[in-house]
Amino acid sequence: MPVLLFLIDTSASMNQRTHLGTTYLDIAKGAVETFMKLRGRDPASRGDRYMLVNFEDVPFGIKAGWKESHATFMTELRNLQATGLTSIGQSLRTAFDLLNLNRLVTGIDNYGQMPPSLLLSPVLQASNTSIL
């Protein structure tokens, strides 16, 4: 059961508008929704679990955990608003800490052995911040 974590930049800079008039945050939300729709068509995605994390400080940045329903995830995604500052370092740390916690709870880590490739948890980030 893979866990896919979406890390969405909710800093105030995501309120910038494109030439079409949509905000960067709306584009990020739309990308996540499109991914979820396309992934939902794949029969292999039945066991997928999703997490939604934004750039707020812990614990407020965790919008939907891996035990939340798909409906809760989508509601929290739609309710995201761009306010605050960009804290990409802390947000990435939170994301990987949550994934490590999930790996600990599910017991999928085999120390001294390579983890099965199907159990790797990708982090998908949507931001207007460039990373060096």
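Now for a quick tour of the structure. Predicted model, so just to flag it, every value in this text is computed and none were measured.

Analysis parameters
- Residues numbered from 1 in each chain as written.
- Predicted model: local features only at pLDDT ≥ 70, side-chain atom pairs only at ≥ 80, totals over all residues.
- Heavy atoms only, no water.
- Axes fitted to C-alpha atoms, helices over the stretch in contact; angles between N-to-C directions.
- Helix = DSSP H or I, 4+ residues; strand = E, 2+ residues; numbered from the N terminus.
- Parallel < 35°, antiparallel > 145°, perpendicular 65-115°, else oblique.
- Left-handed = near helix turned anticlockwise from the far one by under 90°.
- Contact = heavy atoms within 4.5 Å.
- Nonpolar A, V, L, I, M, F, W, Y, C, P; charged D, E, K, R; others polar.
- Core = buried A, V, L, I, M, F, W, Y, C linked by side-chain atoms within 4.5 Å.
- Buried < 20%, exposed > 50% of the residue type's maximum accessible area, 1.4 Å probe, protein only.
- Phe/Tyr/Trp six-rings, centres within 6.5 Å; stacked < 30°, edge-to-face > 60°.
- Lys, Arg positive; Asp, Glu negative; His and termini not counted.
- Salt bridge = Lys/Arg side-chain N within 4 Å of Asp/Glu carboxyl O.
- Polar contact = N/O pair within 3.5 Å; in protein donor to acceptor, adjacent residues only side chain to side chain.

### Structural notes on the packing of helix H1 (residues 24-40) against helix H2 (residues 70-78)
Step number 1: The contact between H1 and H2 brings their axes to 10 Å, and the two run at 160°. Between H1 and H2, the angle is such that the two are roughly antiparallel. Both H1 and H2 take part in a crossing whose hand is left-handed. Of the residues in H2, those in contact with Lys-29, Val-32, Glu-33 and Met-36 of H1 are His-70, Phe-73, Met-74, Leu-77 and Arg-78.
Step number 2: Across the contact of H1 with H2, the residue classes break down as 5 nonpolar, 1 polar and 3 charged.

### Quick look at the nonpolar core
Step number 1: Counting 16 residues, the largest nonpolar core has Phe-6, Ile-8, Val-32, Met-36, Leu-52, Phe-73 and Leu-77 as the members making the most contacts within it.
Step number 2: Of all elements in the fold, only strand S1 (3-8), H1, strand S2 (49-54) and H2 reach the threshold of two or more residues within this core.
Step number 3: Take this core: its biggest share by element is 4 residues, from H1.
Step number 4: If we ignore the near neighbours within four places in the chain, the residues touching Val-32 are Phe-6, Ile-8, Phe-73 and Leu-77.
Step number 5: One finds Val-3, Met-51, Leu-98 and Leu-99 within the second-largest nonpolar core, a separate group that totals 11 residues.

### Some details on the packing of aromatic side chains
Step number 1: Applying the stated criterion across every chain, the model contains 4 aromatic pairs.
Step number 2: Between Phe-6 and Phe-35 the ring centres are 5.6 Å apart and the planes differ by 70°, which places this aromatic pair in the edge-to-face class. Here Phe-6 is found in strand S1, whereas its partner Phe-35 is found in helix H1, with 29 residues between them in sequence.
Step number 3: You can call Phe-6 buried: its relative accessible area is 3%.
Step number 4: Measuring from centroid to centroid gives 6.0 Å for Tyr-50 and Phe-73, while their planes differ by 50°, and the two rings are tilted. Of this pair, Tyr-50 sits in strand S2 while Phe-73 sits in helix H2; the two residues are 23 residues apart in sequence, bridging distant segments of the chain.
Step number 5: Put simply, the rings of Phe-6, Phe-35, Tyr-50 and Phe-73 pair up and form one aromatic cluster.

### Observations concerning the side chain of Asp-9
Step number 1: Within the secondary structure, Asp-9 sits in the loop between S1 and H1.
Step number 2: With no salt bridge to any partner, buried Asp-9 finds its closest opposite charge in Lys-29, at an N-O distance of 12 Å.
Step number 3: Here Ser-11 takes part through its side chain, which lies 2.7 Å from a polar atom of the side chain of Asp-9.

### Describing the pattern of salt bridges
Step number 1: Tallied over the entire structure, the rule returns 5 salt bridges.
Step number 2: A salt bridge links Glu-33 to Arg-78; the shortest N-O distance between them is 3.8 Å. Here the residue Glu-33 occupies a position in helix H1, and Arg-78 occupies one in helix H2, the gap between them amounting to 45 residues.
Step number 3: Among the residues examined, Glu-33 registers a relative accessible area of 22% and is labelled partly exposed.

By themselves, these observations are geometric and do not establish any function.
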